[in-house]
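Read off the chains here:
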Amino acid sequence: MTTPDITARRALGACAALMVGALTLTACGGNANASNSGGKDSPKTSTAKIAISAKDGATDASINATGVKVSDGRLTDVKMTVAGSGQTVPGAISTDGRSWKPKQQLERGTKYQIAAAAKDADGRPAAANAIFTTVSSANSFIGTYTPDNGSTVGVGMPVSFTFDKSISDKKAVQSHITVNSSSGQQVVGHWFGDRRLDFRPQEYWKAGSKVTMNIDLDGVQGAQGVYGVQKKTVSFTVGRSQVSTVDVNTETMTVVRDGQTLKTMPISAGSPQHTTYNGQMVISEKFTQTRMNGSTVGFGGEYDIPDVPHAMRLTTSGTFIHGNYWYNRGNPPFGRQGTSHGCVGLADVQGAQGDTPAKWFFDNSLVGDVVIVKNSPDSTVSPDNGLNGWNMSWSAWTAGSAV
């Protein structure tokens, strides 16, 4: 028989068991409910929100745009390292504390780790981490371009990109490269094949103008599974106008600067067996001295001169305007006959020293200056043989644009 006291004790024991169960459930549930209870002792979550541009686990992160930003707070520390080696990637937090970015462009195909910390206005901390890999070389493309940033060039210098992979979506790539001139000239791109894209105006650049190209290819798909990684602005200045005309009939070259004739010089163009191209050619490189070996341009062992002075390249295939010191002193060819393998020669001395016609022309020429050859029995140089797109009509040039 159960007495009233025993019944009461059992009831109390049951209540205690229920309370213990409730406490156990609360402990398993953590303090999620406590943070919303409004109690004075309840902790509050930081309002600072950290965003790392590269998603955790990404395998195609940008080498340019990767960084950290915070809203409703300020960054207190950001550490970026090369995963595995632990090598630190230098970077800086902005003066307002809202962002961080690396000091240098990241490497392609490399795994990195970012650990970021911030505080909100009340000093409450927040943290974020990410491990990611930048886009690989196999899945990205770059464009080598000319002219260089900050350079001063002649009026014939085009903007020329050569890509390291074939581009199938030419419109997407071209539309993310813009070229503008302070002269207001319209500038249009033209594709030579699927790896080269040149830009030029209809006529030569206006002397003294500034040209700016904005390269915004980061993340642009150029072909299936292949993305751009470049993002930068490049500008160059167009110098004075200089156009030199080589007349093969008279074996002379007339140098005209800003509409005024500076000098008419005797030259020696290509021989009857090895004629010089006709057409408008742009000086693309300058060498005080260089080696010229006939075997590299299809002439076998006909010549190998290790110290050709004052050489300026006119075509990719090997046409130069350069100094000649090995000519016959008793019968100089300059102004009289063509003796070269297609180049334009000027009198010079070995060692690139002395007051010679070749040195004068070299010193007075810029990369981007135009050299026009006329009256040669050869054909007109191909527009893509060097930076020589001026040999193409404007209608043909614009027809080669993808936008």
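Bear in mind the structure is a predicted one, so any value in this text is a computation, not a measurement.

Q: Can you help me understand the overall build of the protein in this one?
A: Check the secondary structure of the protein and you find four helices and 27 strands. Scored against the burial criterion, the 403 residues of the protein give a buried share of 43%. A fraction of 64% describes how many contacts in the protein between residues 6 or more apart in sequence connect residues 24 or more apart.

Q: When you look at the side chain of Ser160 in this model, what are you seeing that I'm missing?
A: Looking at the element boundaries, Ser160 is found in strand E11 (residues 159-163). In this structure the side chain of Ser160 is engaged in a polar contact, spanning 2.6 Å, whose partner is the side chain of Asp198. Not counting residues up to four positions away in its chain, the partners in contact with Ser160 are Thr144, Tyr145, Thr146, Arg196, Leu197, Asp198 and Leu387.

Q: Before we go on, may I ask you to explain the nonpolar core in this structure?
A: Formed by 29 residues in total, the largest nonpolar core has its most connected members in Phe161, Phe163, Val173, Ile177, Val179 and Phe199. Contributions of two or more residues to this core are made by E11, strand E12 (177-181), strand E13 (187-192), strand E14 (196-201), strand E15 (210-216) and strand E18 (231-238). Ignoring sequence-local partners within four residues, the contact set of Phe199 consists of Pro158, Val159, Phe161, Gln174, Ile177, Val179, Val187, Val188, Gly189 and Trp397. Listed in part, the 26 residues of the second largest apolar core include Ile63, Met80, Val82 and Ala128.

Q: Could you clarify how one ought to interpret the pairing of E12 in this entry?
A: Going residue by residue along E12, you find Ile177, Val179 and Ser181 tucked away on one face and Thr178 and Asn180 left uncovered on the opposite face. The pairing of E12 with E15 spans five bridges and is antiparallel. Its bridge partner lying in E15, Asn180 is registered against Thr212.

Q: I would appreciate a short explanation of the sheet that holds E13 in the present structure.
A: As a general point, the strands of a sheet are linked pairwise by backbone hydrogen bonds and lie either parallel or antiparallel. Taken together, four strands build an open sheet; the order of strands is E9-E11-E14-E13 and the sheet is antiparallel. Single-partner strands in this sheet number two, and they are strand E9 (143-146) and E13. Each adjacent strand pair in this sheet contributes to an overall mean axis angle of 20°, direction not counted.

Q: Is there a simple way to think about the pairing of strand E20 (residues 252-257) in this case?
A: Side chains on a regular strand alternate between the two faces of the sheet. In this sheet, E20 lies alongside strand E19 (residues 242-247) in antiparallel orientation, the contact comprising six bridges. Pairing of Val243 across the sheet is with Val256, part of E20. As consecutive antiparallel partners, E19 and E20 are separated by four residues, and within that stretch Glu251 has a phi angle of approximately 55°, a positive value. Remark: two residues form the turn of the hairpin made by E20 and strand E21 (residues 260-266), two consecutive strands paired antiparallel; Asp258 in that turn has positive phi of roughly 50°.

Q: Would you take a moment to explain the environment of Ser379 for this structure?
A: Among the secondary structure elements, Ser379 is positioned in the loop between strand E27 (370-374) and helix H4 (394-399). Considering only alpha carbons, one finds Ser379 and Asn278, 101 residues apart in sequence, at a separation of 5.9 Å. Leave out the neighbours within four places in its chain, and Ser379 touches Tyr277 and Asn278. Within the local environment of Ser379, its side chain forms a polar contact with the side chain of Asp378, the two groups lying 3.3 Å apart.

Q: Could you clarify how one ought to interpret the packing of aromatic side chains in this entry?
A: A complete count under the given rule lists 11 aromatic pairs for this structure. Between Tyr204 and Trp390, the ring centres sit 4.9 Å apart and the planes meet at 80°, which makes this aromatic pair edge-to-face. Placement of the pair is Tyr204 in the loop between E14 and E15 and Trp390 in the loop between E27 and H4, with a sequence separation of 186 residues. Every member of this aromatic cluster is reached through a ring pair, and the members are Phe141, Tyr145, Phe161, Phe163, Trp191 and Phe199. Here Arg200 stacks its cationic end above the ring of Trp397, 4.5 Å away from the centre of that ring. Above the ring of Trp360, the side-chain terminus of Lys263 is found at 4.1 Å from the ring centroid.

Q: What exactly am I supposed to notice about the environment of Lys165 here?
A: When you line up the elements, Lys165 lands in the loop between E11 and helix H2 (170-175). Residues Lys165 and Arg196, 31 residues apart in the sequence, show an inter-C-alpha distance of 9.9 Å. Every residue in contact with Lys165, bar those within four places of it in the chain, is listed here: Ser137, Ala138, Ser140, Phe141, Asp194, Arg195 and Val226. Within the local environment of Lys165, its side chain forms a polar contact with the backbone oxygen of Ser137, the two atoms lying 2.7 Å apart.

Q: Even after reading the chapter, I still don't get the confidence of the model for the protein, so can you show me in this structure?
A: For residues with low pLDDT, the predicted coordinates do not support detailed interpretation. Per-residue confidence for the protein averages 89 on the pLDDT scale, and 87% of its residues sit at or above 70. Here residues 1-39 is a poorly scored stretch, pLDDT under 50, and it has six contacts once near neighbours within four places are set aside; other chains count.

Q: Even after reading the chapter, I still don't get the sheet that holds E12, so can you show me in this structure?
A: Here we have four strands laid out as an open sheet, ordered E10-E18-E15-E12, and mixed in their pairing. Taken across any chain shown, the strands that pair with only one partner, and hence form the sheet edges, are strand E10 (152-153) and E12. Pairing between E15 and E18: seven bridges, direction antiparallel. Bridging from a neighbouring strand, Ile215 pairs with Lys232 of E18.

Cut-off values and rules
Going along each chain's sequence as written, the residues are numbered from 1 onward. Reporting of local features is limited, given that this is a predicted model, to residues whose pLDDT is at least 70; pairs of side-chain atoms are given and counted only at 80 or more, and all residues count toward the totals for whole chains, interfaces and linings. Think of the side-chain values as coming from all heavy atoms in the structure, minus any hydrogens and water. Runs of E in the DSSP output that reach at least two residues are strands. Runs of H or I that reach at least four are helices, and both are numbered from the N terminus. The buried label goes to any residue with under 20% of its type's maximum accessible area, the exposed label to any with over 50%, and the partly exposed label to all in between, with areas taken from a 1.4 Å probe on protein chains only. By the convention used here, residues are in contact when the closest approach between their heavy atoms is within 4.5 Å. Polar contact is the term for a pair of N or O atoms within 3.5 Å; when the atoms are in protein, one must be able to donate a hydrogen and the other to accept it, and sequence-neighboring residues count only if both atoms are side-chain atoms. To qualify as a nonpolar core, a set must consist of buried Ala, Val, Leu, Ile, Met, Phe, Trp, Tyr and Cys residues joined through side-chain atoms within 4.5 Å. Only strands joined by at least two bridges in the DSSP assignment are considered to pair. To obtain an axis, a line is fitted to C-alpha atoms, over the contacting stretch when the element is a helix, and the angle between two such axes runs from 0 to 180 degrees between their N-to-C directions. Pairing of aromatic rings covers Phe, Tyr and the six-membered ring of Trp, with a centre-to-centre limit of 6.5 Å; geometry is then stacked below 30 degrees between planes, edge-to-face above 60, and tilted otherwise. Ring-over charges, as used throughout, are those where CZ of Arg or NZ of Lys falls within 6 Å of the ring centre and within 35 degrees of the ring normal. Confidence per residue, as judged by the predictor, is encoded in pLDDT with a range of 0 to 100.

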